[in-house]
Amino acid sequence: QVQLVESGGGLVQAGGSLRLTCAASGNGVSVDPMGWFRQLPGKRRELVAIMVGSNMTNYVDSVKGRFTISRDAAKNTVYLQMNSLKPEDTAVYYCYGIYGTQAYWGQGTQVTVSS
């Protein structure tokens, strides 16, 4: 059983920064890939950033140059550094990971960017 636990969301003014953290728990598990999705009310969940292995990354166009995904494989943890935040980044952010053939989701963390 794998659990993904997120932290780091909150309220920030436009132009500010936040760092999200997602830790995967489970004895001996290696979760890969790991990434972040976000969802606005009434909208589909969209991929924000994903990391495969130690250095393959992909970002949605709207966050390129502002967000950076990274991971600590030893800690089974993935991070999302979000800079130059905009009001349109406001959403619930979900951690995502795959272990074996099973996909797992975190509980979600709210990010609110005020204008």
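(A) Structural view of the overall build of the protein. Scanning the protein for helices and strands turns up zero helices and eleven strands. Going from the N terminus to the C terminus, the protein shows its helices and strands as β-β-β-β-β-β-β-β-β-β-β. Scaling as 2.2 N^0.38, a compact globule of 115 residues should have a C-alpha radius of gyration of about 13 Å, and the protein matches this with 13 Å. With the C-alpha coordinates aligned to their principal axes, the bounding extent of the protein is approximately 45 × 30 × 20 Å. Expressed as a percentage of its 115 residues, the buried residues of the protein come to 41%. A fraction of 53% describes how many contacts in the protein between residues 6 or more apart in sequence connect residues 24 or more apart. For the protein, the accessible surface area stands at approximately 6,100 Å², while carbon and sulfur atoms represent 49% of it. Each charge class in the protein was averaged separately, 10 positive and 7 negative side chains, and the resulting centres sit 1 Å apart.

(B) Local environment of the environment of Gly-16. The topology assignment puts Gly-16 in the loop between strand E2 (10–13) and strand E3 (18–25). For the pair formed by Gly-16 and Leu-80, sequence separation is 64 residues and the distance between their alpha carbons is 14 Å. Those residues in contact with Gly-16 that sit more than four places away from it in its chain are Met-82, Asn-83, Ser-84 and Leu-85.

(C) A look at the sheet that holds strand E1 (residues 3–7). Pairing is antiparallel across the open sheet formed by four strands, whose spatial order is E1-E3-E8-E7. Both edges of this open sheet fall to E1 and strand E7 (67–72), since each of them pairs with a single strand only. This sheet shows a mean twist of 15° between the axes of neighbouring strands, independent of strand direction. Relative to strand E8 (residues 77–82), E7 runs antiparallel, the two being bridged by six bridges. Bridging across to E8, Ser-70 finds its partner in Tyr-79.

(D) Main features of the pairing of strand E4 (residues 34–39). For E4, the tally of buried residues reaches five of six residues, placing the bulk of the element in the interior. Hairpin connection from E4 to strand E5 (residues 46–52): six residues lie between these consecutive antiparallel strands, with Gly-42 at a positive phi of about 80°. Bridge analysis of E4 against strand E9 (residues 91–99) gives six bridges, and the strand direction is antiparallel. In the sheet register, Met-34 faces E9, and the bridge partner there is Gly-97.

(E) Inspection of the environment of Val-63 at higher detail. Structurally, Val-63 can be placed in the loop between strand E6 (56–59) and E7. The spacing of Val-63 and Lys-75 is twelve residues in sequence and 25 Å in space, taken between C-alpha atoms. Excluding anything up to four places from it in sequence, Val-63 contacts Arg-38 and Val-48.

Cut-offs applied
- Chains are numbered independently. Their residues run from 1 in the order of the written sequence.
- Only residues with pLDDT of 70 or above have their local features reported here, since the model is predicted, and side-chain atom pairs are shown and tallied only from 80 upward, although totals for entire chains, interfaces and linings are computed over all residues.
- Calculated side-chain values reflect all of the structure's heavy atoms, with hydrogen atoms and water omitted.
- Only DSSP runs of H or I covering at least 4 residues are called helices, and only runs of E covering at least 2 are called strands; the numbering of each starts at the N terminus.
- Here the radius of gyration uses the C-alpha set of atoms, whereas the globule reference equals 2.2 Å times the residue count to the power 0.38.
- Under the scheme applied here, a residue whose accessible area is under 20% of the maximum for its type counts as buried, over 50% as exposed, and between as partly exposed, the area being computed with a 1.4 Å probe on protein chains only.
- By definition, residues are in contact when any of their heavy atoms lie within 4.5 Å.
- The accessible surface values rely on the Shrake-Rupley method and a 1.4 Å probe; as for residues, cover is taken only from the protein chains in view.
- Positive charges are assigned to Lys and Arg, negative charges to Asp and Glu, while His and the chain termini are left out of the count.
- Throughout, a charge is located at the NZ atom of Lys, the CZ atom of Arg, the CG atom of Asp or the CD atom of Glu.
- At least two DSSP bridges between two strands are required for those strands to pair.
- For helices, the fitted line uses only the C-alpha atoms of the stretch in contact; every axis is such a line through C-alpha atoms, and the angle between N-to-C directions lies from 0 to 180 degrees.

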